[in-house]
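Structural features, examined
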Amino acid sequence: MRLREFIEKLEGQGELLRITAPVSTRFEITEITDRISKMEGGGKALLFENNGTQLPVLMNMMGSDRRMAMALGVESLDDIARRI
């Protein structure tokens, strides 16, 4: 799966927050990500779209078991362990 497709999947599953407000790549992105990732269940994935660069920044995309399973195309991470 390509990153763009994974971002769409995250958004479709309610696992993504798009941050459109201007943020600093030096201090703000890390602070926001730290706070969100410490939430119960790992928080949500964050897509910073207005960060002063030409590219958006995706953070915390693998911050929960659910998102890791989504990326690997399985229902549960235990499915991967069984395959191995």
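Use the structure listed above.
These remarks concern the structure in this document. Worth saying up front: this structure is predicted, and the values here are computed from it rather than measured.

**Observations concerning helix H2 (residues 28–37)**
Listed in full, the buried residues belonging to H2 are Ile29, Thr33 and Ile36. All buried residues of H2 project into a common sector of 65° when viewed along the axis, lining one side. In this structure, the buried side of H2 is in contact with strand E2 (45–48) and strand E3 (57–59).

**Side note on the sheet that holds E3**
Hydrogen bonding along the main chain pairs the strands of a sheet, whether they run parallel or antiparallel. As summarised here, the arrangement of the three strands in space is E1-E2-E3, forming an open sheet in which the pairing is mixed. Since the sheet does not close on itself, it has two edges, and those belong to strand E1 (16–19) and E3, each with one partner. Within the sheet, the average angular offset between the axes of one strand and its neighbour, ignoring direction, is 20°. One ladder, built from four bridges, connects E1 with E2; its direction is parallel. When the bridges of E2 are listed, Leu16 appears paired with Ala45.

**A short note on the nonpolar core**
One finds Phe6, Ile7, Leu10, Leu16, Ala45, Leu47, Leu58 and Met70 forming the largest nonpolar core, which totals eight residues. Elements with a minimum of two residues in this core: helix H1 (3–12) and E2. Sorting elements by how many residues they give to this core places H1 first, with three residues. Once residues lying within four places of it in the same chain are set aside, the contact partners of Leu16 are Ile7, Leu10, Glu11, Lys44, Ala45, Leu46, Leu47 and Leu58. By size, the runner-up hydrophobic cluster in this structure holds six residues, among which are Val23, Ile36, Leu46 and Phe48.

**Describing the pattern of salt bridges**
For the structure on display, the rule yields seven salt bridges. The salt bridge involving Glu15 is made with Arg67; its shortest N-O contact spans 2.7 Å. Pair noted here: Glu15 is in the loop between H1 and E1 and Arg67 is in helix H3 (residues 65–72), with a separation of 52 residues, a long-range link. A residue is classified by how much of its surface remains accessible, and Glu15, at 11% relative accessible area, is buried. Among the residues examined, Arg67 registers a relative accessible area of 0% and is labelled buried. Residue Asp34 is joined to Lys38 by a salt bridge in which the shortest nitrogen-to-oxygen separation is 3.1 Å. Note on Asp34: relative accessible area 31%, which makes it partly exposed. Residue class for Lys38 comes out exposed when judged on its relative accessible area of 63%.

**Digging into H1**
Listing the buried residues of H1 in full gives Phe6, Ile7 and Leu10. Take H1 and look down its axis: the buried residues cluster within an arc of 100°, on one side only. Facing away from the buried surface of H1 by more than 90 degrees, the exposed residues are Arg4, Glu8 and Gly12. Among the structural elements, E1, E2, E3 and H3 are those in contact with the buried residues of H1. Of the residues one or two after H1, Gly14 is the one with positive phi, at around 70°.

The rules behind the values
Residues numbered from 1 in each chain as written. Predicted model: local features only at pLDDT ≥ 70, side-chain atom pairs only at ≥ 80, totals over all residues. Heavy atoms only, no water. Buried < 20%, exposed > 50% of the residue type's maximum accessible area, 1.4 Å probe, protein only. Helix = DSSP H or I, 4+ residues; strand = E, 2+ residues; numbered from the N terminus. Arc of directions from axis to C-beta. Contact = heavy atoms within 4.5 Å. Pairing = 2+ DSSP bridges. Axes fitted to C-alpha atoms, helices over the stretch in contact; angles between N-to-C directions. Core = buried A, V, L, I, M, F, W, Y, C linked by side-chain atoms within 4.5 Å. Salt bridge = Lys/Arg side-chain N within 4 Å of Asp/Glu carboxyl O.

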